[in-house]
Amino acid sequence: MSLRVGGRCPQCGLDLDAIQPPDAVVAVRSLPRRWRGAFAKAGDEEDIEALLRRRPADGGPSALEHACRVAEALALLDGHVRRTAVADQPDLSPADVAPDRVAACAGRSPEAALDQLTVAAEALAATLDGVPSGAWLRPATLDGRLTDIRGLARAAAHEGTHHLREAERVLQEVRGRPD
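Residues numbered from 1 in each chain as written. Predicted model: local features only at pLDDT ≥ 70, side-chain atom pairs only at ≥ 80, totals over all residues. Heavy atoms only, no water.

**Student:** I'd love a proper account of helix H1 (residues 21–41), names of residues and values included.
**Tutor:** Under the 1.5 Å per step criterion, the end-to-end length of H1 is 30 Å for 21 residues, consistent within 8% with the ideal 30 Å. Considered for burial, the residues of H1 that qualify are Pro21, Ala24, Val25, Ala27, Val28, Ser30, Leu31, Pro32, Trp35, Ala38 and Phe39. (Helix = DSSP H or I, 4+ residues; strand = E, 2+ residues; numbered from the N terminus. Expected span 1.5 Å × (residues − 1). Buried < 20%, exposed > 50% of the residue type's maximum accessible area, 1.4 Å probe, protein only.)

**Student:** An account of the environment of tryptophan 136 is requested, with residue identities and associated values reported.
**Tutor:** Assignment of secondary structure puts tryptophan 136 in the loop between helix H5 (110–129) and strand S2 (139–142). Placed 100 residues apart in sequence, tryptophan 136 and arginine 36 show a C-alpha to C-alpha distance of 30 Å. Not counting chain neighbours up to four residues away, the residues in contact with tryptophan 136 comprise Pro21, Val25, Leu128, Val131, Asp148, Ile149, Arg150 and Ala153. (Contact = heavy atoms within 4.5 Å.)

**Student:** Describe the state of the cysteines, and please don't skip the residues or the numbers.
**Tutor:** Taken as a whole and judged by the stated rule, the model has one disulfide. Paired through a disulfide, cysteine 68 and cysteine 105 show a sulfur-sulfur distance of 2.3 Å. An S-S torsion of about -70° defines the bridge between cysteine 68 and cysteine 105 as left-handed. Of this pair, cysteine 68 sits in helix H3 (residues 63–86) while cysteine 105 sits in helix H4 (residues 99–106), and the two are 37 residues apart along the sequence. Here the two residues cysteine 68 and cysteine 105 agree in accessibility, since each one is buried. Free cysteine: cysteine 9, not disulfide-bonded; nearest cysteine sulfur from cysteine 12 at 3.6 Å. (Disulfide = S-S within 2.5 Å.)

**Student:** Break down the sheet that holds strand S1 (residues 91–92) for me, citing the residues and quoting the values.
**Tutor:** Spatially, the three strands line up as an open sheet ordered S1-S2-S3, and their pairing is mixed. Each edge of the sheet is formed by a strand with only one pairing partner; in this case those strands are S1 and strand S3 (145–148). Direction of pairing for S2 relative to S3: antiparallel, over a ladder of four bridges. Residue threonine 141 lies in a different strand from S3, and its bridge partner there is leucine 146. Its contacts with the sheet put helix H6 (residues 149–174) on S1, S2 and S3, and the angle it makes with S3 is roughly 90°. (Pairing = 2+ DSSP bridges. Axes fitted to C-alpha atoms, helices over the stretch in contact; angles between N-to-C directions.)

**Student:** Explain the pairing of S2 residue by residue, including any values.
**Tutor:** One ladder, built from two bridges, connects S1 with S2; its direction is parallel. Looking at the pairing, leucine 92 lines up with leucine 142 of S2. Connecting the antiparallel pair S2 and S3 is a turn made up of two residues, with aspartate 143 showing a positive phi of about 55°.

Dropping the structure here:
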């Protein structure tokens, strides 16, 4: 699997090609607030941490695991953007977040995971802010596909939004269901 850098996501419907660089930066910068809001909305239960760790019936990721995936993806993409800005068409590896990184993050408290997401989003937004207007189209290869800094920024906006929607769906499903 690889990070989506363009096209329309078949699951969430987001059209990545419609996201312009300034919009991607705003989206990345807004992710910590949006994720904290989603977790706060789930807070009407006595044991919020258990709710955030609860997996849906299909065995997919918990809301906390979705947040951890986003935190790890943003950090990965920050490194990819930095590399693409200075290297001639780098082959970016890894092309996706390692599952063990998500598991390590999810083993910590929800607040620690949100803090990690915040640090990663702020770092990536700052990196994107520093991309000169003429460098957004600097090419790179990700999982054998040609992309550019613009595509990497779109991937960040997509990861944050897509997994936030999934986390909200999971929370809706698991609310009121016993462990």
